[in-house]
Amino acid sequence: MRSSGGGTAGGGGHSPAESGPYSLHGHAAGHIPHRPTVLPVVAQRDEEATPEQVGYRGPTACAAAGITYRQLDYWARTGLVEPSVRPAHGSGTQRLYSFRDVVVLKIVKRFLDTGVSLQNIRTTVQHLRERGFSDLERLTLMSDGATVYECSSPAEVHDLLQGGQGIFGIAVGVVWRDVESALSQLHGERIDTGETLLGNNPADELARRRHRAV
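Predicted model only: the values in this text are computed from it and were never measured. (Residues numbered from 1 in each chain as written. Predicted model: local features only at pLDDT ≥ 70, side-chain atom pairs only at ≥ 80, totals over all residues. Heavy atoms only, no water.)

Of regular secondary structure, the chain possesses 7 helices and 9 strands. Of the roughly 11400 Å² that the chain leaves accessible, carbon and sulfur atoms contribute 51%. (Helix = DSSP H or I, 4+ residues; strand = E, 2+ residues; numbered from the N terminus. Areas by Shrake-Rupley, 256 points an atom, 1.4 Å probe, with all protein chains shown as cover.)

Structure follows, in structure tokens:
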């Protein structure tokens, strides 16, 4: 486990290879044949689209994360949570968020609601961005209000609670599934073609990969 802030858990700085809690340190003419009207392409979920090929526009990200557009815009402009797929470049440009971005947005909202300092949230967000896509859902984030701890096993959660450091926790896997459920009712967008994906679940391909690996 890692933590942000000044607190420590389970002793001094542990290397990533060590087990146990460790800290997140703040770092037309003539007759013209009739032609049918061409409509915009709207596709059902493309089975070949991987999570990395799907993006979500601002309003969709807000709906799935439970935040306002004003919050989304402010967090993007201040660098707290920036869209990793496509940032806004001038007037008329649409930001495009990845599935993982939306998960992080929802985590930030929960931390703010519980009074965690913005500095610690920034450190936590930076750490979450550096993690692999498949690792994020396995984490539990604990906080005592002053420090955020990352736990990757039930034993680490237990150690924190025994030490009196963890007051509340966020199971990232639960947030992950909440966002999956919300996005499955909303529209995504293929990054490479711009096609609208109806009811796209970005984790389906990830689940298929895992099944094939078993």
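Still to come is the rest of the account.
Turning next to the confidence of the model for the chain. Overall, the prediction assigns the chain a mean pLDDT of 74, with 64% of residues at 70 or greater. Averaged over each element, pLDDT in the chain is lowest for strand S2 (residues 42–44) (42) and highest for helix H1 (residues 58–65) (95). In this model residues 7–22 is a low-confidence stretch, pLDDT under 50, and it forms 29 contacts with partners more than four residues away in sequence or in other chains. In the predicted structure, residues 25–46 sits below a pLDDT of 50 and forms 24 contacts with residues beyond four places in sequence or in another chain. (pLDDT = per-residue confidence, 0-100. Contact = heavy atoms within 4.5 Å.)

This paragraph deals with the packing of aromatic side chains. As enumerated under the stated definition, the model contains 2 aromatic pairs in all. Ring plane angle 80° and centroid distance 5.0 Å describe the contact between Phe99 and Trp176, whose orientation is recorded as edge-to-face. Here Phe99, found in helix H3 (residues 99–113), pairs with Trp176, found in helix H6 (residues 172–183); they are 77 residues apart in sequence, far enough to count as distant. Owing to a relative accessible area of 1%, Phe99 belongs among the buried residues under this scheme. By relative accessible area, Trp176 is classed as buried at 2%. (Phe/Tyr/Trp six-rings, centres within 6.5 Å; stacked < 30°, edge-to-face > 60°. Buried < 20%, exposed > 50% of the residue type's maximum accessible area, 1.4 Å probe, protein only.)

Most of H1 sits out of view: 6 of its 8 residues are buried. Listed in full, the buried residues belonging to H1 are Gly58, Thr60, Ala61, Cys62, Ala64 and Ala65. In the core, the buried residues of H1 are packed alongside strand S3 (54–57), helix H2 (69–77), strand S4 (96–97), H3, H6 and strand S8 (187–190). Just downstream of H1, Gly66 is the residue with a positive phi angle, here 75°.

Let us look at the packing of H3 against helix H4 (residues 118–130). Describing two packed helices takes the angle between their axes plus the distance from one axis to the other. Relative orientation of the contacting elements H3 and H4 amounts to 160°, with a least axis distance of 11 Å. With respect to their mutual orientation, H3 and H4 come out roughly antiparallel. Crossing angle aside, the handedness with which H3 passes H4 is right-handed. Facing H3, whose interface residues are Arg100, Asp101, Val104, Ile107, Val108, Phe111 and Leu112, H4 presents Leu118, Ile121, Thr124, Val125, Leu128 and Arg129. (Axes fitted to C-alpha atoms, helices over the stretch in contact; angles between N-to-C directions. Parallel < 35°, antiparallel > 145°, perpendicular 65-115°, else oblique. Left-handed = near helix turned anticlockwise from the far one by under 90°.)

Here we take up the nonpolar core. Among the nonpolar cores identified, the biggest contains 37 residues, and Val103, Leu105, Ile107, Val108 and Phe111 are the most heavily contacted of them. Only S3, H1, H2, H3, H4, strand S7 (168–171) and H6 provide two or more residues apiece to this core. In terms of residues, this core owes the most to one element, H3, which gives 8 residues. Filtering out sequence-adjacent residues up to four positions away, Val108 remains in contact with Trp75, Leu80, Val81, Ile121 and Val125. Membership of the second largest hydrophobic core comes to 5 residues, among which are Met142, Cys151, Val157 and Leu160. (Core = buried A, V, L, I, M, F, W, Y, C linked by side-chain atoms within 4.5 Å.)

Moving on, we come to the environment of Thr114. Here Thr114 shows up in the loop between H3 and H4. Placed 29 residues apart in sequence, Thr114 and Ser143 show a C-alpha to C-alpha distance of 9.4 Å. From its side chain, Thr114 meets the backbone oxygen of Phe111 in a polar contact 2.9 Å long. (Polar contact = N/O pair within 3.5 Å; in protein donor to acceptor, adjacent residues only side chain to side chain.)

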